[in-house]
Amino acid sequence: MSTTTRTRDRETVAGRPTDPDAPLLAVEDLTVEFRTDKGVVRAVNGLSYELQAGETLAILGESGSGKSVSAQAVMGIVDSPPGFVTAGSVRLKGVNLFDLKEKERRRVRGSQMSLIFQDALTALNPVYTVGWQISEMLRVRGISKSDAKEKAVEILTQVGIPSAGDRFDNYPHEFSGGMRQRAMIAMSLALDPDVVIADEPTTALDVTVQAQVMELLAELQDEFQMGMILITHDLGVVADVADRVVVMYAGKEVEQADIFSLYERPYHPYTEGLMHSIPRADQKGTRLQPIIGQPPDLSAIPPGCSFNPRCPYAQDICLEEPPPFREVAPNRYSACHFAEELFIRD
Ligand SMILES: Nc1ncnc2c1ncn2[C@@H]1O[C@H](COP(=O)(O)OP(=O)(O)OP(=O)(O)O)[C@@H](O)[C@H]1O
Ligand code: SF4
Ligand SMILES: [Mg+2]
């Protein structure tokens, strides 16, 4: 994207040596809770995944399943108090980010890891022009004013802002919703990060613009070989762009698989339920079956398997013993007591 930022040091994370054999990002046993007046909200319970360079990992789940909180914990921006990361590690190229001081984490954010929010208005400052906001990010990294402007225009052009030079001095409110989202993507990618987390990046946009923005993200990700975590509740989006999928339910990981094998055969009844609740081009005329019931209150998660009140396959053991998250077939992981035996309905 920019010659200056492309040459930055990729061998260290906040000045600490990286491990060349480590995955780009490794999240292990991540646990986050909110201590509120109404009790402890267990938002993320033992989430683990790995992300490689050039890979897109989707985190899929219903509203309130802990997707955004997990992303905030990975970025180090959980609202604390009331939020606390109570266990786990997040390693970027082998360096545990939880060992870094806040000042060091700030250096990592933006330059090595960035977050694209659902709503561009929360990320863009309304009182500064879009161009200024992007060039300022480059300037604090030591790039001269004129070079920063040139690069900002280049990035805005790259994300599809027409006449980017003329739009440089526009304020965020002078952009349409789709253009603002593109500007935020430009800002997130300006420093050429290794990892980008896109948290429902298109839900605020209308359907045609959604498809364009997703396509743009996929192209940029491919070009720059970033690792991308795409947070979504939309299985259709996952099918289009993800390599692998983590399915979350009530703050826990219930299934993890590569996208092709997941579609071929889910190993968790919740994933199966998600698949039956969206329209599929190859099954025209089939009635959709929404998952019955509601996700649990995270301050009162049911004992045993948290999906048991909604699961058509639940047995007695499901009411008592939490199913471990385990490998149920080669490279297939599920948290269901009966993953292997289940008759997954067509
Ligand atoms: N600041 C906070 N204080 C208390 N609880 C919180 C706070 N932030 C999030 N939570 C709780 O953490 C849980 C997980 O929230 P999260 O935002 O991660 O869900 P999500 O999967 O991203 O949902 P959505 O699809 O609606 O964005 C929810 O029960 C939410 O109420
Ligand atoms: S463990 Fe039991 S309740 Fe949970 S998903 Fe499997 S069958 Fe359903
Ligand atoms: Mg969210």
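No experiment lies behind these values; they were computed from the predicted model shown.

J.: Can you help me understand the site of ligand 1 in this one?
T.: The local shell around ligand 1 holds 16 residues, among which Ser63, Gly64, Lys67, Ser68 and Val69 are the closest. Residue Ser63 places a side-chain N or O atom 2.5 Å away from an oxygen atom belonging to ligand 1. Lys67 places a polar side-chain atom, nitrogen or oxygen, 2.8 Å from an oxygen atom of ligand 1. When ligand 1 is considered free in solution it has 640 Å² of accessible area, and contact with the protein chains removes 67% of it. Elements that contribute at least two residues to the shell around ligand 1 include exactly strand 3 (25-36), strand 4 (39-51) and helix 2 (67-75). In terms of residues, the shell around ligand 1 owes the most to one element, helix 2, which gives 3 residues.

J.: So what exactly am I meant to see when it comes to the pairing of strand 13 (residues 326-329) here?
T.: Successive side chains on a regular strand alternate, one facing one side of the sheet and the next facing the other. Of the pairings in the sheet, the one linking strand 13 to strand 14 (residues 332-334) comprises 3 bridges and is antiparallel in character. Within the sheet, the bridge partner assigned to Ala329 lies in strand 14 and is Arg332. In sequence, strand 13 turns back onto strand 14 through a hairpin of 2 residues, with Asn331 there showing a positive phi of about 60°.

J.: What is the right way to look at the domain arrangement of the protein in this model?
T.: How big an interface is tends to be reported as the loss of accessible area on association of its parts. Here the protein is partitioned into domain 1 (3-242) and domain 2 (262-346). Its C-alpha centre places domain 1 at a distance of 30 Å from the equivalent point of domain 2. Counting from both sides, the interface comprises 13 residues of domain 1 and, opposite them, 10 residues of domain 2. For the pair domain 1 and domain 2, the summed buried surface comes to about 970 Å²; carbon and sulfur atoms form 65% of the total. Inspection of the domain 1/domain 2 interface yields 1 salt bridge. Measuring nitrogen to oxygen at the nearest pair gives 3.1 Å for the salt bridge that ties Glu62 to Arg310. For the side of domain 1 that touches domain 2, the secondary-structure elements that each account for two or more residues are strand 4 and helix 10 (235-241).

J.: Would you mind showing me how to read the sheet that holds strand 4 here?
T.: Hydrogen bonding along the main chain pairs the strands of a sheet, whether they run parallel or antiparallel. The strand order 4-3-6-7 describes an open sheet built from 4 strands, whose pairing is antiparallel. Two strands in the sheet have a free side with no partner beyond their single neighbour: strand 4 and strand 7 (95-96). Sheet analysis places strand 3 next to strand 4, joined by 10 bridges and oriented antiparallel. From the neighbouring strand, Ala26 faces strand 4, where its bridge partner is Glu50. Along the sheet face, helix 2 touches strand 3, strand 4 and strand 6 (83-92) and points at about 115° away from the line of strand 3.

J.: Quick question: what am I supposed to make of the pattern of salt bridges here?
T.: Pairing is possible between side chains of opposite charge, provided their charged atoms come close. A complete count under the given rule lists 10 salt bridges for this structure. Across the pair Arg42 and Glu33 runs a salt bridge, and its minimum N-O distance is 3.2 Å. Relative accessible area serves as the criterion here: at 39%, Arg42 is assigned to the partly exposed category. A residue is classified by how much of its surface remains accessible, and Glu33, at 13% relative accessible area, is buried. Its salt-bridge partner being Arg326, residue Glu340 comes within 2.9 Å of it at the nearest N-O pair. Highlighted residues: Glu340 in the segment after strand 14 and Arg326 in strand 13, separated in sequence by 14 residues. Overall, Arg326 belongs to the partly exposed group, its relative accessible area being 24%. Here the salt bridges share partners, and the residues they tie into one network are Glu33, Arg35 and Arg42.

J.: How do you make sense of the site of ligand 2 when you look at a structure like this?
T.: Around ligand 2, the surrounding shell holds 13 residues, and the nearest of these are Cys305, Cys311, Cys318, Cys336 and His337. Grouping the constituent residues of the shell around ligand 2 by class yields 10 nonpolar, 3 polar and no charged.

J.: Looking at this structure, I do not really get a nonpolar patch on the surface. What am I missing?
T.: A surface patch of nonpolar side chains, about 300 Å² in accessible area, is lined by Val127, Tyr128 and Trp132. Summarising the element assignment, Tyr128 is placed in the loop between helix 4 (120-123) and helix 5 (130-139).

J.: Is there a simple way to think about the nonpolar core in this case?
T.: The nonpolar side chains of soluble globular proteins are, as a tendency, buried together. One finds Ile134, Leu156 and Ile185 to be the most contacted residues of the largest nonpolar core, which totals 41 residues. Those residues in contact with Leu156 that lie beyond four places of it in its chain are Val130, Ile134, Ile161, Ala164, Ala183 and Ala186. Counting residues in each nonpolar core, the second largest holds 35 residues, with Leu30, Val44, Tyr49 and Val78 among its members.

J.: It is not clear to me how the packing of aromatic side chains should be interpreted in this structure. Could you clarify?
T.: Geometry of an aromatic ring pair is reported as the spacing of the ring centres plus the angle between the planes. Evaluation of the coordinates by the stated rule reveals 5 aromatic pairs. Centroid distance Tyr128 to Trp132: 4.3 Å. Interplanar angle 20°. Geometry classified as stacked. Centroid distance Tyr249 to Tyr270: 4.7 Å. Interplanar angle 55°. Geometry classified as tilted. Here Tyr249, found in strand 11 (residues 244-249), pairs with Tyr270, found in helix 12 (residues 269-276); they are 21 residues apart in sequence, far enough to count as distant. On the basis of relative accessible area, Tyr249 is assigned to the buried category, the value being 2%. Taken together, Tyr249, Tyr270 and Phe307 form an aromatic cluster joined through their ring pairs. In this arrangement the basic side chain of Arg35 is found over the ring face of Phe84, its NZ or CZ atom lying 4.1 Å from the centre. A cation over an aromatic ring shows up here: Arg167 above the ring of Phe175, its NZ or CZ 4.8 Å from the ring centre.

What counts, and at which threshold
- Residues numbered from 1 in each chain as written.
- Chains lettered and ligands numbered in written order.
- Predicted model: local features only at pLDDT ≥ 70, side-chain atom pairs only at ≥ 80, totals over all residues.
- Heavy atoms only, no water.
- Near = heavy atom within 4 Å.
- Polar contact = N/O pair within 3.5 Å; in protein donor to acceptor, adjacent residues only side chain to side chain.
- Areas by Shrake-Rupley, 256 points an atom, 1.4 Å probe, with all protein chains shown as cover.
- Helix = DSSP H or I, 4+ residues; strand = E, 2+ residues; numbered from the N terminus.
- Pairing = 2+ DSSP bridges.
- Domains from an automatic or database assignment.
- Contact = heavy atoms within 4.5 Å.
- Buried area = accessible area lost by both parts, 1.4 Å probe.
- Salt bridge = Lys/Arg side-chain N within 4 Å of Asp/Glu carboxyl O.
- Axes fitted to C-alpha atoms, helices over the stretch in contact; angles between N-to-C directions.
- Buried < 20%, exposed > 50% of the residue type's maximum accessible area, 1.4 Å probe, protein only.
- Nonpolar A, V, L, I, M, F, W, Y, C, P; charged D, E, K, R; others polar.
- Patch = residues over 30% accessible without salt bridge, like charges linked within 9 Å, V, L, I, M, F, W, Y side chains within 5 Å.
- Core = buried A, V, L, I, M, F, W, Y, C linked by side-chain atoms within 4.5 Å.
- Phe/Tyr/Trp six-rings, centres within 6.5 Å; stacked < 30°, edge-to-face > 60°.
- Lys NZ or Arg CZ within 6 Å of the ring centre and 35° of its normal.

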